[in-house]
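# A look at the structure
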Amino acid sequence: MFKDIIIGQYINADSVLHRLDPKIKIILTVLYVVVLFIIRGSVSYVLFALMTLCLVLMSNIKPKVFIKGLKPLVFIIIFTAVMNLLLTPGTVMVRFWIFKITYEGIRSAVIMFTRLVLLVTGTSLLTLTTSPLKLTDAIETLLSPLSHIKVPAHEIAMMMSIAIRFIPTLADETDKIQKAQTSRGADFQSGNIITRARAMIPLLVPLFISAFRRADELATAMDSRCYNATIKRTKLNTSRIGKADISYALVFICTNIIIIMFGYII
Amino acid sequence: MLETINLRFEFRDEDLETGEILTDEILHGIDLKIEKGSFVTVLGHNGSGKSTLAKHFNAILTPSSGNVLVGGLNTRDTKNVFDIRKRCGMVFQNPDNQIVAAIVEDEVAFAPENLGIDPKIIRERVDASLKAVEMYDYMHSQTSKLSGGQKQRVAIAGVLAMEPECIVLDEPTAMLDPRGRREVISTIKRLNKTKNMTVVLITHYMDEAVQSDRTVVIDDGKVVLDGTPKEVFSHIETLDKIGLDIPQVTRLMYKLRQDGFDVPECITVDEAKQAILNILGKRK
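Below you will find a few notes about this structure. Just so it is clear, the structure is predicted and the values come from calculations on it, not from any experiment.

Okay, the overall build of chain B next. The number of helices and strands found in chain B is eleven helices and ten strands. The C-alpha atoms of chain B give 21 Å as radius of gyration, which agrees with the globular expectation for 284 residues (19 Å, within 12%). Once the C-alpha set of chain B is aligned to its principal axes, its extents read approximately 70 × 55 × 35 Å. Intrachain contacts of chain B at a sequence separation of at least 6 include 62% that bridge at least 24 residues. Total accessible area on chain B stands at roughly 12,900 Å², and carbon and sulfur atoms take up 48% of it.

For the rest of this paragraph, the subject is a nonpolar patch on the surface. All names here are of chain A. A surface patch of nonpolar side chains, about 900 Å² in accessible area, is lined by M93, V94, F96, W97, I98, Y103, I106 and V110. Those elements that place two or more of their residues in the nonpolar patch are β1 (92-96) and α6 (103-129). Examined against the element boundaries, M93 turns out to sit in strand β1.

Here the focus is the sheet that holds strand β6 (residues 88-91) of chain B. All names here are of chain B. Spatially, six strands are ordered β6-β7-β8-β3-β9-β10 in an open sheet, and the strand pairing comes out mixed. Of all strands in the sheet, those bounded by a partner on one side alone are β6 and β10 (222-227). Neighbouring strand axes in the sheet, compared pairwise and without regard to direction, differ in orientation by 20° on average. Taken together, the five bridges between strand β9 (residues 214-219) and β10 define a ladder with antiparallel strand orientation. Of the residues in β10, the one forming a bridge with V216 is D226. Across the sheet, helix α5 (residues 148-160) touches β6 and β7 (166-170), and the angle it forms with β6 is around 165°.

Glancing now at empty space enclosed by the protein. All names here are of chain A. Tallied over the entire structure, the rule returns three cavities of 30 Å³ or more. Considered as a void within the structure, the largest cavity measures approximately 150 Å³ in volume. Around the largest cavity, the lining is made up of 13 residues, and of these L17, K25, T29, L55 and L125 lie nearest the centre. Elements supplying a minimum of two residues to the lining of the largest cavity: α2 (22-38), α6 and α11 (243-265). Among the residues forming the lining of the largest cavity, the class breakdown is nine nonpolar, three polar and one charged.

With that out of the way, let us pick up helix α5 (residues 74-87) of chain A. Residues and elements named next belong to chain A. Over its 14 residues, α5 runs 20 Å from end to end, which matches the ideal 20 Å to within 8%, given 1.5 Å per residue. When α5 is considered as a whole, its buried residues turn out to be I77, A81 and N84. Here the buried residues of α5 occupy an arc of 65° about the axis, which is enough to place them on one side. Facing away from the buried surface of α5 by more than 90 degrees, the exposed residues are F75 and L87. In this structure, the buried side of α5 is in contact with α4 (63-70) and α6.

Turning our attention to helix α3 (residues 42-58) of chain A. Residues and elements named next belong to chain A. Here α3 is 17 residues long and its end C-alpha atoms lie 24 Å apart, about the 24 Å a rise of 1.5 Å per residue gives. Listed as buried for α3 are S44, Y45, F48, M51, T52, L55 and V56. Along the long axis of α3, the arc covered by the buried residues comes to 140°, so they all point the same way. Counted as exposed and oriented over 90 degrees from the buried face of α3: S42 and L57. Its buried side turned inward, α3 meets α1 (16-19), α2, α4, α6 and α11. Looking at the residues trailing α3, positive phi occurs at N60, about 60°.

Moving on to the packing of α2(A) against α3(A). Residues and elements named next belong to chain A. At a minimum axis separation of 10 Å, α2 and α3 run at an interaxial angle of 155°. If you check the angle between α2 and α3, you find them roughly antiparallel. Judged by the twist between their axes, the crossing of α2 over α3 is left-handed. Judged by residue contacts, Y32, V35 and L36 of α2 engage Y45, F48, M51 and T52 from α3. In terms of residue class, the contact of α2 with α3 is made up of six nonpolar, one polar and no charged.

Let us look at a positive patch on the surface. Residues and elements named next belong to chain A. Residues K62, K64, K68 and K71 make up a contiguous surface patch of positive charge. In this structure, K71 sits in the loop between α4 and α5. On the basis of relative accessibility, which here comes to 55%, the residue K71 falls in the exposed class.

All names here are of chain B. Strand order in the open sheet made by the four strands is β2-β1-β4-β5, with antiparallel pairing throughout. Each edge of the open sheet is held by one strand with a lone partner, namely β2 (21-34) and β5 (73-74). Where strand β1 (residues 2-14) and β2 come together, eleven bridges link them in antiparallel fashion. What sits directly across from E14, in β2, is I21.

What counts, and where the lines are drawn
Residues numbered from 1 in each chain as written. Chains lettered and ligands numbered in written order. Predicted model: local features only at pLDDT ≥ 70, side-chain atom pairs only at ≥ 80, totals over all residues. Heavy atoms only, no water. Helix = DSSP H or I, 4+ residues; strand = E, 2+ residues; numbered from the N terminus. Rg over C-alpha atoms; globule rule 2.2 N^0.38 Å. Contact = heavy atoms within 4.5 Å. Areas by Shrake-Rupley, 256 points an atom, 1.4 Å probe, with all protein chains shown as cover. Patch = residues over 30% accessible without salt bridge, like charges linked within 9 Å, V, L, I, M, F, W, Y side chains within 5 Å. Salt bridge = Lys/Arg side-chain N within 4 Å of Asp/Glu carboxyl O. Pairing = 2+ DSSP bridges. Axes fitted to C-alpha atoms, helices over the stretch in contact; angles between N-to-C directions. 1 Å grid on protein atoms, 1.4 Å probe; cavity = no way out; pocket = protein on both sides within 12 Å on 5 of 7 lines; lining within 4 Å. Points joined across faces, edges and corners; volume = space filled by probe spheres on them. Nonpolar A, V, L, I, M, F, W, Y, C, P; charged D, E, K, R; others polar. Expected span 1.5 Å × (residues − 1). Buried < 20%, exposed > 50% of the residue type's maximum accessible area, 1.4 Å probe, protein only. Arc of directions from axis to C-beta. Parallel < 35°, antiparallel > 145°, perpendicular 65-115°, else oblique. Left-handed = near helix turned anticlockwise from the far one by under 90°. Lys, Arg positive; Asp, Glu negative; His and termini not counted. Charge placed at Lys NZ, Arg CZ, Asp CG, Glu CD.

Listed below in structure tokens is the structure:
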């Protein structure tokens, strides 16, 4: 059920994107999302999509993986596009029954569709090319200036990395519980939304109980390996921002500025 | 290396309705001395207190009365806690619930990172620990993709990275398939032989106990038998009374003796085979 969502599923490969410093990657991803929402005009969107395609190719990860990652979100994406198509007021082009399709509707549906697809693809690039721990390390470093105002940067990063680590474990567990409950006659498929939501209870209760038990054992295991908040922790792999990282960031920022400019000039 | 002196431990719980303090003594005075470099198995069935005992060696639990000394340090003194945990690492039963990191090398680096060790030295320790458990080739793999036996070996490497003198393993093979069990047990034995690591293996598998230097049988929070596996398994009546298994060959020899055959105590199949061949030879 959860196995197809690629967020948090790092794929080990060697590429420029894999080697790029995770801190830079996070900042650039944020930039990517911002730019995606401020660009105007079809030329900009085409260029932006091309840039995303280049990044996907550069990542050395099979495009199939990205398409697979989009699958669970197909419904939301299509739903948003259709809503935009039908509910945007403007010059009516086609009219049938109670619906009318406007020129603006088509335009915003296409834009919404492109935006969402690019958004998922672009952000997946970050999580696919960065190991979850490097990602949380980077978040820790980026948040560390905030620890002066009592933001627990390390604890947040640790919680995130443990959450990421337990996704496959709990997904397996959910699968097992689902099978166990199905074999006892539980029905997860039929009925309306409310019946199906209620059918989730026999799935969620055991899952939560087991998650708490796991948390308890994990805490003991962490304790036994001297985890504590008093001694300053060190890191096995400390990443330093190198020249290559900076030049990559500059190229990316320039490309984005050019893409934004296209929207306003043409 | 490890010493318990009249170790008693009780769980305290408050009855929510009456406010009465309920106590349940799990360990009733345990005296044990484990020498450096030895391979000791602790046998006992579920609820015998063997896991509770294991947690005392790592200062996860402290005695209700009596003392536990790890390398001469008393676990009661909170100043000693990190030193004790560094000296005496612990591996738990469920491989999924003790792995913190998503990537093998990060998992092994977790303990030295906690200790604030220089990254260069951490690298060396991670490499050495992974080699010691023969998982070096998996350094960059995801921990969730490993088999149970591999996960336990990574967990052992995670403890080795602290460079401990002693490892306590709390039923590390209970959730593994036979192949995973073999992998883990041979790793433990190798560490004991080549690195002179003190190993305390908590288990309920007889065949694992047979491979150790010394076996301690615990029942209802007390040491019932203590000695070499051969000595321990010769007390067949006691073991039967506790409800513990006995290696098949040991029982076979026992029955043969009851039937009047002159066979010695045996704990391995090879010994038993030799003994039976001897008798058959004499008959001819």
